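Letter by letter, the chains look like this.
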Amino acid sequence: QVQVVESGGGSVQAGGSLRLSCAASESIFSIHTMGWYRQAPGKQRELVARISSGGVTDYADSVKGRFTLSRDNAKKTVYLQMNSLKPEDTAAYYCQISTWLRGDYWGQGTQVTVSS
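The model shown is predicted, which means the values in this text are computed figures rather than measured ones.

**Q** Mind showing me how you'd approach the overall build of the protein here?
**A** Tallying secondary structure elements over the protein gives zero helices and 11 strands in all. When the helices and strands of the protein are placed in sequence order, the string is β-β-β-β-β-β-β-β-β-β-β. Rg of the C-alpha trace for the protein: 13 Å, near the compact-globule value of 13 Å for 116 residues, within the 12% margin. Buried positions account for 43% of the 116 residues belonging to the protein. The long-range fraction of contacts in the protein, counting pairs at least 24 apart against all pairs at least 6 apart in sequence, stands at 54%.

As structure tokens, then:
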């Protein structure tokens, strides 16, 4: 049963924008943080951005000033607005949801491809 639903990936030219969405199912509760990781070919998975239930955000240095993370706690949804995209942003992006008592949940990944 799918518990983490991602959307918004695609292909874009450098300098363009994309908006990723991630929604947690009703079966996920006591959410602590929601965020995005990415994994490029041949690279380890890395944190892109995450946000707590209180709205505190944490961004990777490589995306600061370009990406913005927001969260709708009522809808259990997180949004990643990606602006000024660069080819080095190309990766599979994975939504991650951490909970206080039930560990972490992961999306299946959505591909973001940025061409130069």
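**Q** In this structure, what is going on with the state of the cysteines? I would like to understand it.
**A** A covalent bond bridging the sulfur atoms of two cysteines is what the word disulfide describes. Taken as a whole and judged by the stated rule, the model has one disulfide. There is a disulfide in this structure between Cys22 and Cys95, and the S-S distance comes to 1.9 Å. Judged by the torsion about the S-S bond (-85°), the Cys22/Cys95 disulfide is left-handed. Taken together, the residues Cys22 in strand β3 (residues 18-24) and Cys95 in strand β9 (residues 91-99) connect sequence positions 73 residues apart.

**Q** I tried to follow the environment of Leu69 on my own but got confused; where do I start?
**A** Within the fold, Leu69 resides in strand β7 (residues 67-72). Residue classification places Leu69 among the buried residues on the basis of a relative accessible area of 5%. Expressed as a C-alpha distance, the spacing of Leu69 and Gln81, which sit 12 residues apart in the sequence, is 6.3 Å.

**Q** Would you explain the sheet that holds strand β1 (residues 4-7) in this entry?
**A** Backbone-to-backbone hydrogen bonds pair the strands of a sheet. The strands run either parallel or antiparallel. Spatially, β1-β3-β8-β7 is the arrangement adopted by the four strands of the open sheet, whose pairing is antiparallel. Looking along the sheet, the strands with just one partner apiece sit at the ends: β1 and β7. Between one strand axis and the next, the sheet turns by 15° as a mean value, whatever way the strands run. The pairing of β1 with β3 spans four bridges and is classified as antiparallel. Each bridged residue has a counterpart across the sheet, and for Val4 the counterpart in β3 is Ala24.

**Q** For this particular structure, what's the right way to read the environment of Ala14?
**A** Looking at where Ala14 falls in the secondary structure, it is placed in the loop between β2 (10-13) and β3. It is 9.4 Å that separates the C-alpha atoms of Ala14 and Asp89, two residues lying 75 residues apart in sequence. Once residues within four sequence positions are removed from consideration, Ala14 is found in contact with Leu85, Pro87, Val114, Ser115 and Ser116.

**Q** How should I be thinking about the side chain of Arg71 in this particular structure?
**A** By the element assignment, Arg71 lies in strand β7. Despite its burial, Arg71 pairs with no opposite charge; the closest candidate is Asp72, at 8.2 Å N-O. Within the structure, Arg71 has its side chain in polar contact with the backbone oxygen of His32 (distance 3.2 Å). Looking at Arg71, its side chain comes within polar contact range of the side chain of Asn73, at 2.7 Å.

**Q** Any chance you could explain the pattern of salt bridges here in plain terms?
**A** Think of it this way: side chains of opposite charge can pair up when their charged atoms draw near. Applying the stated criterion to the full structure yields five salt bridges. The salt bridge partner of Arg38 is Asp89, with a shortest N-O separation of 3.0 Å. Highlighted residues: Arg38 in strand β4 (residues 31-39) and Asp89 in the loop between β8 (77-82) and β9, separated in sequence by 51 residues. Assessed through its relative accessible area of 6%, Arg38 is described here as buried. Between Asp61 and Lys64 there is a salt bridge, with the nearest N and O atoms lying 3.0 Å from each other.

What counts as what
Residues numbered from 1 in each chain as written. Predicted model: local features only at pLDDT ≥ 70, side-chain atom pairs only at ≥ 80, totals over all residues. Heavy atoms only, no water. Helix = DSSP H or I, 4+ residues; strand = E, 2+ residues; numbered from the N terminus. Rg over C-alpha atoms; globule rule 2.2 N^0.38 Å. Buried < 20%, exposed > 50% of the residue type's maximum accessible area, 1.4 Å probe, protein only. Contact = heavy atoms within 4.5 Å. Disulfide = S-S within 2.5 Å. Pairing = 2+ DSSP bridges. Axes fitted to C-alpha atoms, helices over the stretch in contact; angles between N-to-C directions. Lys, Arg positive; Asp, Glu negative; His and termini not counted. Salt bridge = Lys/Arg side-chain N within 4 Å of Asp/Glu carboxyl O. Polar contact = N/O pair within 3.5 Å; in protein donor to acceptor, adjacent residues only side chain to side chain.

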